[in-house]
Amino acid sequence: MAVVFISPKKKQKGFFMGITISLALFLSVISFWVFLAQPSVQEQKTTLNKPKVNVNLAILDSEQFKNLENFELMPLQFEYTAMTSRNKIVQGVISAVSEEKAREILQTNGYSVSELKLIDIGRDNPFVPY
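Residues numbered from 1 in each chain as written. Predicted model: local features only at pLDDT ≥ 70, side-chain atom pairs only at ≥ 80, totals over all residues. Heavy atoms only, no water.

(A) Region of interest: the overall build of the chain. When helices and strands are tallied, the chain shows three helices and three strands. Traced from its N-terminal end to its C-terminal end, the chain shows the element sequence α-α-β-β-α-β. What you see for the chain is a C-alpha radius of gyration of 44 Å, clearly larger than the 14 Å of a compact globule of 130 residues, by over 25%. Considering only C-alpha atoms, the chain reaches an extent of 135 × 55 × 20 Å along its principal axes. Counting every position in the chain, which comprises 130 residues, the buried fraction comes to 10%. Pairs at least 24 apart in sequence give 39% of the contacts found in the chain among residues at least 6 apart. (Helix = DSSP H or I, 4+ residues; strand = E, 2+ residues; numbered from the N terminus. Rg over C-alpha atoms; globule rule 2.2 N^0.38 Å. Buried < 20%, exposed > 50% of the residue type's maximum accessible area, 1.4 Å probe, protein only. Contact = heavy atoms within 4.5 Å.)

Written out as structure tokens, the structure is:
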């Protein structure tokens, strides 16, 4: 029988260490080769495809364009305090394009306006819950 000075476990441990070290060395060489490689210079071609746009200004002279109507101004809301002809105080809300128009509407309805205030639409902070 032969005399063996190295145990089989030490042989196996040495074999696996050698394979592990060689694999780690191989992966490190490949990673350095990939990550440290200089990028290849490629020619960049820029092509501009300008669209051909023709503006037809003759539409401004057409009858359809001339017959267009302007948008109406958006009515604002006003809070008012007024007095009737019977000296009764009335409070309410009225919609009009301007403050002058609101006063005019109230005066044609027989009210003498003592206070007219624009109502702010919306909330100061829309993210605060009700």
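(B) Examining the environment of Ile-121 more closely. You can see Ile-121 is positioned in the segment after strand 3 (112-118). In this structure Ile-121 comes out as exposed when scored by relative accessible area, which is 65%.

(C) Representation of the UniProt feature "transmembrane region" (unreviewed entry) in the chain in the model. With numbering matched to this structure, UniProt assigns "transmembrane region" (unreviewed entry) to residues 15-36. Along residues 15-36 one finds 95% helix and 0% strand; the C-alpha atoms at either end are 31 Å apart. (UniProt positions renumbered as here; feature names shortened; annotations may be inferred.)

(D) How the structure looks around helix 1 (residues 8-35). Here helix 1 is 28 residues long and its end C-alpha atoms lie 40 Å apart, about the 40 Å a rise of 1.5 Å per residue gives. Within helix 1, only zero of the 28 residues are buried, leaving the element largely exposed. (Expected span 1.5 Å × (residues − 1).)

(E) Spotlight on the pairing of strand 2 (residues 89-96). Burial along strand 2 is one-sided: the residues Val-90, Gly-92, Ile-94 and Ala-96 are buried and none of Ile-89, Gln-91, Val-93 and Ser-95 is. The sheet contact formed by strand 1 (residues 76-83) and strand 2 spans eight bridges and is antiparallel. Pairing of Ala-82 across the sheet is with Val-90, part of strand 2. In this antiparallel pair of consecutive strands, strand 1 and strand 2, the connection spans five residues, and Asn-87 shows a positive phi of 60°. (Pairing = 2+ DSSP bridges.)

(F) Structural view of the pattern of salt bridges. In the structure shown here, the tally under the stated rule is one salt bridge. With a closest N to O distance of 3.5 Å, Glu-99 and Arg-103 form a salt bridge. Of this pair, Glu-99 and Arg-103 both sit in helix 3 (residues 99-108), four residues apart, which is roughly one turn of that helix. Judged by its relative accessible area of 33%, Glu-99 falls in the partly exposed class. Taking relative accessible area as the criterion, Arg-103 reaches 30% and is therefore assigned partly exposed. (Salt bridge = Lys/Arg side-chain N within 4 Å of Asp/Glu carboxyl O.)

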